[in-house]
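Breakdown of the fold
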Amino acid sequence: MLFRSGTPTSASSDEGDRGDENPDVDSEEDGNFPGHPVTRPGAAIPSIRQSYQYYRFIVLIPLIYLALMVAVFSLNLGSIIGKVWVSMFKVTGAALQCFLLIGACIGPLKHLAVLVFAAKSHETAALQEAKQLKLRHLVVVPAYKEPVAVLRRTLESLPRKSDPETSGHDLHVILAMEATDDTHAATFDELDELFGNAFASFQMTLHTLMPCERAGKGSNENYSLRTLRADILAAGVDPWEVMVTVCDADSVFARDFFIALESAYFDQIDGRRLIYSAPRNTYRNFGKLWNPLISATECSLNSSDLLVDFAEPYVSYSNYSMLMGYAAELDFWDPEVIPEDVHVMYKAMICSNGAQSVCRVWSLIANDTVTDFHDRYVQAKRHLWGVTTIAWLVVILKHAPFSIDRIWYILLKTYMTEMSGALTPHSVLVMTFGLSLWCSPPLDARSSDAFLFLGAMILLGSLLQWLVFFIGEALVWRRQMANLNQDLLERPSWCQVVLHYGLMPLTCPIAHFIFGNVACWHSVCNAFWSSEFEYVIAPKA
């Protein structure tokens with residue numbers, strides 16, 4: 001047995017393993033296993049602290065965007081583009097117009113292909129549910145003053161060694177707790193009584209906040225995994241054969257999650273240097289939610305993560321997995337970073353010369369939706385503190401200027417994919433062009449036909465996208481959610497389903513503006529005044 005069941009790890013047991021090792025030195029003490037030399041390229045990546053001096057300049061991005069919109073209107077660019085479109089429409093025949101209509105459907109059809117693949121992958125995982133795991137798995141649950149009932153629910157969703165189907169699974173569970181939490185010992189003891197013998201091992205790591213660390217999930221799991229790595233090396237276990245899954249305290253795992261995780265890993269030519277993440281899902285307690293703005297936000301975020309095109313970069317959120325050896329190679333987490341999930345993905349991309357570093361796991365980990373409006377806005381600000389990543393990218397460019405054509409451009413592209421909709425909303429650009437065109441419309445006999453055709457293209461694409469969205473939601477609720485322990489879920493009533501999904505075409509733009517644009521700009525203003533951020537944990541249901 002790798003860990004001694006129910007034995008907390010001392011908060012001071014790994015003080016010397018916070019990333020001070022020379023990344024270029026291999027030693028027997030570090031556990032240099034055959035074929036896996038001990039290197040830490042992640043230690044050479046600039047820390048987030050080096051970017052604090054640039055935080056105040058992030059406010060220039062929305063200001064420059066606003067100035068560009070004013071310039072677009074002043075120069076009457078909307079009218080100019082409208083005239084170009086009318087001229088193009090006049091020379092197009094029926095065949096070309098049909099081609100343009102088909103082009104408007106390409107995006108939704110690509111998303112539909114993702115749904116078909118997800119459904120097939122779900123069926124394959126269901127057939128392999130009784131399959132034994134090949135890797136040793138560590139599940140790390142960072143927790144700070146979490147209700148025992150919430151943590152108990154998370155642990156109940158994990159496969160136990162007493163279950164016939166999962167008796168051979170080598171699953172170790174670790175509660176990553178904070179010394180500032182006065183209830184950590186009582187919480188662990190109560191859970192140890194219930195789950196001490198349920199897994200291959202059950203233990204706790206205790207993190208004491210150090211100088212130059214920020215309270216939050218990142219610093220906690222950074223300490224926890226460094227501690228666990230020391231335990232692994234002491235036990236003579238190869239870290240490259242240990243899969244670590246980090247999850248939120250309110251997670252409910254699908255029964256086939258670890259089978260699907262190993263399938264994603266072993267399906268790669270070499271899956272050792274990848275991060276594995278299942279699509280985002282916050283539907284565990286959807287039955288408690290009545291606010292249509294919050295439901296529009298959650299459904300939109302969940303759907304957009306599920307429907308990411310195969311050609312687009314995939315991003316890891318909240319719950320993700322990687323080999324312990326790879327986590328050490330990345331030098332674990334930066335203990336000052338708030339959005340630690342996305343930041344570690346950027347580190348992985350840097351260490352792999354800009355390659356796509358996240359692989360999808362076709363299974364599910366369901367988390368709670370924050371049901372209170374104010375609490376959801378506070379959570380949105382915390383999520384969108386990732387807007388400050390652009391300052392860190394500036395430091396990366398200064399650190400390695402010759403990487404601009406390879407690594408840095410890809411990092412910037414990923415950042416813009418993640419943040420541009422909130423930081424520089426596309427709807428403002430569309431409205432600016434529309435207002436410019438309305439003030440100075442093209443005077444042409446066929447202009448009305450041209451704009452009716454343009455409207456038809458937009459309407460067709462939008463209707464198809466909404467159709468794919470609802471098909472995706474049906475797939476999630478009818479197929480994927482069915483693979484969770486139903487006793488741990490709070491499903492919505494049909495009244496709630498009609499309320500949330502019926503109003504969604506109206507509530508989505510409003511919700512995106514509040515929980516996307518306003519929350520992002522709020523974070524930008526906070527970053528202008530201070531690099532400090534108060535980490536507020538979202539209430540758990």
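Please read all numbers here as calculations on a predicted model, not as lab measurements. (Residues numbered from 1 in each chain as written. Predicted model: local features only at pLDDT ≥ 70, side-chain atom pairs only at ≥ 80, totals over all residues. Heavy atoms only, no water.)

1. Topic: the pattern of salt bridges
All chains considered together, the criterion is met by 15 salt bridges. When the shortest N-O distance is used, the salt bridge between D270 and R272 registers 2.9 Å. You can call D270 partly exposed: its relative accessible area is 42%. (Salt bridge = Lys/Arg side-chain N within 4 Å of Asp/Glu carboxyl O. Buried < 20%, exposed > 50% of the residue type's maximum accessible area, 1.4 Å probe, protein only.)

2. Some points on the packing of helix 1 (residues 60-74) against helix 15 (residues 426-439)
For any two helices packed against each other, one specifies the inter-axial angle together with the distance between the axes. Where helix 1 meets helix 15, the closest approach of the two axes is 9 Å, and the angle between their N-to-C directions is 15°. On the basis of the axis angle, helix 1 is roughly parallel to helix 15. Where helix 1 crosses over helix 15, the handedness of that crossing is right-handed. Residue-level contacts link Y65, M69, V72 and F73 of helix 1 to H426, V428, L429, T432, F433, L435, S436 and C439 of helix 15. Considered class by class, the residues forming the contact of helix 1 with helix 15 number nine nonpolar, three polar and no charged. (Axes fitted to C-alpha atoms, helices over the stretch in contact; angles between N-to-C directions. Helix = DSSP H or I, 4+ residues; strand = E, 2+ residues; numbered from the N terminus. Parallel < 35°, antiparallel > 145°, perpendicular 65-115°, else oblique. Left-handed = near helix turned anticlockwise from the far one by under 90°. Contact = heavy atoms within 4.5 Å. Nonpolar A, V, L, I, M, F, W, Y, C, P; charged D, E, K, R; others polar.)

3. Some points on unusual backbone geometry
Outside of glycine, negative phi angles account for most residues, and trans bonds account for most peptide bonds. Non-glycine residue S318 carries a positive phi angle of around 60°. With respect to the helices and strands, the residue S318 is situated in the loop between helix 9 (292-306) and strand 7 (320-323). What makes S318 partly exposed here is its relative accessible area of 24%. For D331, which is not glycine, the phi torsion reads 65° and is therefore positive. Looking at the secondary structure, you find D331 in the loop between helix 10 (324-329) and helix 11 (340-351). Accessibility expressed as a relative area gives 13% for D331, which makes it buried.

4. Some thoughts on helix 5 (residues 148-156)
Listing the buried residues of helix 5 in full gives V150, L151, R153, T154 and L155. In this structure, the buried residues of helix 5 make contact with strand 1 (136-143), strand 2 (171-178), helix 6 (184-195), strand 3 (201-207) and strand 5 (252-253).

5. Concerning the pairing of strand 4 (residues 242-246)
Of all the five residues making up strand 4, five are buried; the element is thus mostly covered by neighbouring parts of the structure. Of the two faces of strand 4, both are covered, the one formed by V242, V244 and V246 as well as the one formed by M243 and T245. Sheet topology places strand 1 next to strand 4; five bridges connect them, and they run parallel. Residue pairing for strand 4: L138 is matched across the bridge by V244. One ladder, built from four bridges, connects strand 4 with strand 7; its direction is antiparallel. Counterpart to V246 in the pairing with strand 7 is Y320. (Pairing = 2+ DSSP bridges.)

6. Comments concerning the side chain of D305
Its place among the elements puts D305 in helix 9. An unpaired buried charge is present at D305: no salt bridge exists, and R280, the closest side chain of opposite charge, is 6.5 Å distant. (Lys, Arg positive; Asp, Glu negative; His and termini not counted.)

7. Structural notes on the packing of aromatic side chains
Following the criterion strictly, the structure yields 27 aromatic pairs and no others. Between F253 and F257 the ring centres are 5.4 Å apart and the planes differ by 75°, which places this aromatic pair in the edge-to-face class. Comparing F253 with F257, the two get one shared label, buried. An aromatic cluster is built from W466, F469, F470 and Y501, whose rings are joined through pairwise contacts. A cation over a ring is seen here: R360 above Y314, with NZ or CZ 4.8 Å from the ring centre. (Phe/Tyr/Trp six-rings, centres within 6.5 Å; stacked < 30°, edge-to-face > 60°. Lys NZ or Arg CZ within 6 Å of the ring centre and 35° of its normal.)

8. Digging into the nonpolar core
L158, F199, F258, I275, Y276, M322 and M324 are the most contacted members of the largest nonpolar core, which has 135 residues in total. Take this core: its biggest share by element is ten residues, from helix 17 (residues 494-529). Listed in part, the six residues of the second largest apolar core include W85, F89, A450 and M457. (Core = buried A, V, L, I, M, F, W, Y, C linked by side-chain atoms within 4.5 Å.)

9. Section: a nonpolar patch on the surface
A surface patch of nonpolar side chains, amounting to about 540 Å² of accessible area, comprises L75, L77, I80, I81, V84 and M88. The residue I80 is located in helix 2 (residues 77-91) in this model. Its relative accessible area of 45% is what places I80 among the partly exposed residues. (Patch = residues over 30% accessible without salt bridge, like charges linked within 9 Å, V, L, I, M, F, W, Y side chains within 5 Å. Areas by Shrake-Rupley, 256 points an atom, 1.4 Å probe, with all protein chains shown as cover.)

10. Some words on the confidence of the model for the protein chain
Mean pLDDT over the protein chain works out to 87, with 89% of the residues at or above the 70 mark. The model gives residues 3-29 a pLDDT under 50, and that stretch makes 65 contacts with residues more than four places away or in other chains. (pLDDT = per-residue confidence, 0-100.)

11. Looking at the packing of helix 9 against helix 16 (residues 447-480)
Look at helix 9 against helix 16: their axes get within 10 Å of each other, and the N-to-C directions meet at 90°. Taken as axis vectors, helix 9 and helix 16 run roughly perpendicular relative to one another. Between helix 9, through C299, S303 and L306, and helix 16, the contact on the second element is made entirely by F469, G472, E473 and V476.

12. Looking at empty space enclosed by the protein
Per the counting criterion, the structure on display carries five cavities of 30 Å³ or more. Reported here for the second largest cavity is a volume of approximately 80 Å³. A per-class count over the lining of the second largest cavity returns seven nonpolar, four polar and two charged. (1 Å grid on protein atoms, 1.4 Å probe; cavity = no way out; pocket = protein on both sides within 12 Å on 5 of 7 lines; lining within 4 Å. Points joined across faces, edges and corners; volume = space filled by probe spheres on them.)

13. Concerning helix 8 (residues 257-266)
In terms of burial, helix 8 is largely enclosed, as nine of its ten residues are buried. Every buried residue of helix 8 is accounted for by F257, F258, I259, A260, L261, E262, S263, A264 and Y265.

14. Some details on the pairing of strand 3
The buried fraction of strand 3 is high, at seven of seven residues. Along strand 3, one buried face is formed by S201, Q203, T205 and H207 and the opposite face, lined by F202, M204 and L206, is buried too. In terms of strand pairing, strand 2 meets strand 3 through seven bridges, oriented parallel. The partner of I174 across the bridge, within strand 3, is Q203. On the question of chirality, the crossover connecting strand 2 to the parallel strand 3 by way of helix 6 is right-handed. (Right-handed = clockwise from strand over helix to strand, strands pointing away.)

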